[in-house]
Amino acid sequence: MWPREEYIQGELLSEEEGLKESCFSKRVDLLFRHAIPEIPSTTYGTFSIYKYPAKFIPQVIAYVLKKYTKPGMRVFDPFAGYGTVGIVARVYGNEYEMWDLNPLLEVIHEVAIMKMPKVDIDVLIKDIRNSKNEFYPRWSNLNYWFPQEFLPLLSKAWGFFHSLKDERRSLLVIPLINVTRYFSWGDEKVHKLYKSKYAKRKIEELLKSDWEGKFYDMLEKEIWRLLRKIGEYKVLKPRDVKYHIRAGVDSLEENLTQEVDLLITSPPYLQAQEYIRSTKLELFWLGYGEDYIKELTKKELPYRDVAEIKVHSEKFYKYREQIKEKHLRVLYDRYFYAILGVFARLGEKVREYMCIFLGPAKIRNVSIPIDEIVVEHLKSFGWTHEVTYIDRIVGRVMFETSINPASGVEDSRIKTEHLVVLKRE
Ligand SMILES: C[S@@+](CC[C@H](N)C(=O)[O-])C[C@H]1O[C@@H](n2cnc3c(N)ncnc32)[C@H](O)[C@@H]1O
């Protein structure tokens, strides 16, 4: 199950009714997934070719672009993850810039926007079967994650992939990643990389079967599934627009070289998030080395050192006082220093709107109003609060854990996500 995609289907206030109800707090209930008729589902087209943790649903971005931009305006996501912002921006004719620490951003995006390739799939599969190339990841834990038996097969398929220079490379990469995950001791049903009981059973069954035949069958099916999704995306008539991607960068250290009209993003969560760890199996097979991956992990929010900033929010201090344990306070401080600092700084190059999607979080059962702290702080940097849209969620599955590793306490389910819209004064 994918996070951010399980929403209550029931009755909700219309946007106007929502505004009437709560005009003084500028809060509007809105079910984004039902607000954009032209995008038929949250998993439509290339919006879901790969399970990236905490992915935006496309309707959130579509809503913002339709309401707050005109075609040709430039939008920017400094924590772009899967790259949903770019895929949606093409549909509405917006230029875009995207950054993320995770190098997967670039890999996924290239596939998501590719033109329909002219490749004979039968020939492609035969070429992989007959390939003499080999590729083994530079990964000391390779044998922990893959049964010995599968390694020659995987190494042949990835060796073939790494020898490609044409459109077959883009066509193959995501199907190969998805099937490789299936052939690992990892549980491909969840984002987090871990050996579950299900995964152990899966491998035992595979080893008893014609697993080589299964590997190529699955790969072929995944390729056809991708082709269908590329076809679906084309129905939305995406345009060729100017864009710029920077993957593998630390957004806390980067600057925009060009002004943008609107920033839309969902920064990492306050609770434990390990995007690099969740995707490292993919990164190793793509050819990234152990040292590089370790470096990336060290830069992930919120478990890294961040220089203290002056926070312009009373609520920040009020909630901080309620956190008694030192290590949780450190986590809280680092998180806010990072996200408030980055938005204040990057916001200097944003001409009109900043739209920040935030999941409310708890530390030791204290709900932290992250969205209100962000609004209070950014008011000191020339931003006014336009509105906060509140989207409801049921049954969120984040990293398949009900215990928050930061606190050791069971997490209560997050019920809403908030899209804060700020306008330049
Ligand atoms: C909530 S996710 C964004 C998901 C995205 N909205 C999507 O549609 O996939 C947060 C992202 O922040 C990234 N991130 C974490 N620390 C970062 C840093 N220091 N610099 C840049 N990106 C970072 C993670 O890799 C992750 O992709």
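Reading guide: rules and limits
Residues numbered from 1 in each chain as written. Predicted model: local features only at pLDDT ≥ 70, side-chain atom pairs only at ≥ 80, totals over all residues. Helix = DSSP H or I, 4+ residues; strand = E, 2+ residues; numbered from the N terminus. Buried ≥ 20, exposed ≤ 12 C-beta atoms within 10 Å, placed from the backbone. Contact = placed C-beta atoms within 7 Å. Axes fitted to C-alpha atoms, helices over the stretch in contact; angles between N-to-C directions. Parallel < 35°, antiparallel > 145°, perpendicular 65-115°, else oblique. Left-handed = near helix turned anticlockwise from the far one by under 90°. Nonpolar A, V, L, I, M, F, W, Y, C, P; charged D, E, K, R; others polar. pLDDT = per-residue confidence, 0-100. Core = buried A, V, L, I, M, F, W, Y, C linked by C-beta atoms within 7 Å. Domains from an automatic or database assignment. Expected span 1.5 Å × (residues − 1). Pairing = 2+ DSSP bridges. Right-handed = clockwise from strand over helix to strand, strands pointing away. Near = placed C-beta within 6 Å.

Peer 1: When you look at the overall build of the chain in this model, what are you seeing that I'm missing?
Peer 2: The secondary structure content of the chain amounts to 16 helices and 12 strands. In the chain, buried positions account for 42% of the 425 residues. Once local pairs closer than 6 in sequence are excluded, the contacts in the chain between residues at least 24 apart make up 78%.

Peer 1: Sorry if this is basic, but what is going on with the packing of helix α15 (residues 326-346) against helix α16 (residues 370-379) here?
Peer 2: When two helices pack together, you describe them by how their axes are tilted relative to each other and by the distance separating the axes. Interhelical geometry of α15 versus α16 gives an angle of 45° and a closest axis separation of 10 Å. With respect to their mutual orientation, α15 and α16 come out oblique. Crossing angle aside, the handedness with which α15 passes α16 is right-handed. Contacts between α15 and α16 involve Phe 336, Leu 340, Phe 343 and Ala 344 on the former and, on the latter, Ile 373, Val 374, His 377 and Leu 378. The residue makeup of the contact of α15 with α16, split by class, is seven nonpolar, one polar and no charged.

Peer 1: Would you mind showing me how to read the packing of helix α2 (residues 58-68) against helix α3 (residues 84-91) here?
Peer 2: One way to put it is that α2 packs onto α3 with a least axis distance of 9 Å and a crossing angle of 50°. Classed by the angle they form, the pair α2 and α3 counts as oblique. Every pair of crossing elements has a handedness; the one defined by α2 and α3 is right-handed. Packed against α2, whose contacting residues are Pro 58, Ile 61, Ala 62 and Leu 65, the element α3 presents Thr 84, Val 85, Ile 87, Val 88 and Ala 89 at the interface. Looking at the contact of α2 with α3 residue by residue, the classes come out as eight nonpolar, one polar and no charged.

Peer 1: Mind showing me how you'd approach the confidence of the model for the chain here?
Peer 2: Atomic detail in the predicted coordinates should be set aside for any region of low pLDDT. Residues with a pLDDT of 70 or more make up 89% of the chain, whose mean pLDDT is 89. Confidence drops under pLDDT 50 across residues 1-24; counting only partners more than four residues distant or on other chains, this segment forms 40 contacts. The model gives residues 394-412 a pLDDT under 50, and that stretch makes 37 contacts with residues more than four places away or in other chains.

Peer 1: What am I meant to see in the nonpolar core here?
Peer 2: Within soluble globular proteins, side chains that are nonpolar tend to cluster in buried spots. One finds Val 75, Cys 355 and Val 374 to be the most contacted residues of the largest nonpolar core, which totals 105 residues. Here this core spans two domains, and each of domain 1 (15-115 + 238-424) and domain 2 (121-234) adds at least three residues to it. Beyond its immediate chain neighbours, meaning those up to four positions away, Val 75 contacts Leu 65, Thr 69, Val 85, Ala 89, Asn 94, Tyr 96, Val 260, Asp 261, Leu 262 and Ile 264.

Peer 1: In this structure, what is going on with α15? I would like to understand it.
Peer 2: It helps to recall that an α-helix has 3.6 residues per turn; residues three or four apart then point in one direction. Between its terminal C-alpha atoms α15 stretches 30 Å, which fits the 30 Å expected from 21 residues at 1.5 Å a residue. Among all positions in α15, only Leu 331, Tyr 332, Tyr 335, Phe 336, Ala 338, Ile 339, Leu 340, Val 342, Phe 343 and Leu 346 are buried. Its buried side turned inward, α15 meets β5 (260-265), α14 (314-321), β6 (350-358), β7 (361-363) and α16.

Peer 1: When you look at the pairing of strand β3 (residues 95-100) in this model, what are you seeing that I'm missing?
Peer 2: Remember that side chains alternate between the two faces of the sheet whenever the strand is regular. The buried count for β3 comes to six of six residues, which makes it a mostly enclosed element. Strand direction decides the pairing type here: strand β2 (residues 74-77) and β3, joined by four bridges, are parallel. Pairing of Asp 77 across the sheet is with Met 98, part of β3. Remark: the β2/α3/β3 crossover connection has right-handed handedness. Inspection of the sheet shows β3 paired to strand β4 (residues 243-247) by five bridges, in the parallel sense. Its bridge partner being in β4, Trp 99 is matched across the sheet by Arg 246.

Peer 1: Would you take a moment to explain unusual backbone geometry for this structure?
Peer 2: Most peptide bonds take the trans configuration, and most residues that are not glycine carry a negative phi. Cis geometry marks the peptide bond from Leu 301 to Pro 302; its omega dihedral reads -5°. Looking at the secondary structure, you find Pro 302 in the loop between α13 (290-298) and α14. Phi angles above zero are rare outside glycine, and Ala 54 is one such case at about 55°. Its place among the elements puts Ala 54 in the loop between β1 (27-29) and α2.

Peer 1: Help me understand the site of the ligand in this model?
Peer 2: If you check the shell around the ligand, you find 21 residues, and the closest are Phe 56, Phe 79, Gly 81, Tyr 82 and Leu 101. Broken down by class, the residue content of the shell around the ligand amounts to 11 nonpolar, five polar and five charged.

Peer 1: What's the story with the sheet that holds β5 in this structure? I'm lost.
Peer 2: Two modes of strand pairing occur in sheets, parallel and antiparallel, and in both the strands are linked by backbone hydrogen bonds. On the basis of which strands lie adjacent, the open sheet formed by eight strands has the order β1-β9-β12-β6-β5-β2-β3-β4 and mixed pairing. Looking along the sheet, the strands with just one partner apiece sit at the ends: β1 and β4. Here the strands of the sheet are splayed against their neighbours by 15° on average, with no regard to which way each runs. As paired elements, β5 and β6 share five bridges and run parallel to each other. For Val 260, the partnering residue across the bridge sits in β6 and is Val 350.

Peer 1: Honestly, the environment of Asn 141 in this entry has me stumped. Any pointers?
Peer 2: Inspection of the secondary structure puts Asn 141 in the loop between α5 (121-130) and α6 (142-145). With 140 residues separating them along the chain, Asn 141 and Leu 281 place their C-alpha atoms 9.9 Å apart.

Peer 1: Explain the environment of Phe 135 to me, please; I cannot follow it from the model alone.
Peer 2: Within the fold, Phe 135 resides in the loop between α5 and α6. Take Phe 135: there are 17 C-beta atoms within 10 Å of it, and that puts it in the partly exposed class. A C-alpha to C-alpha distance of 9.7 Å links Phe 135 and Leu 286, two positions 151 residues apart in sequence. Not counting chain neighbours up to four residues away, the residues in contact with Phe 135 comprise Ser 155, Trp 158, Gly 159 and His 162.

Peer 1: Before we go on, may I ask you to explain the environment of Arg 246 in this structure?
Peer 2: Secondary-structure assignment places Arg 246 in strand β4. Counting along the chain gives 144 residues from Arg 246 to Asn 102, while the straight-line C-alpha distance between them is 9.6 Å.

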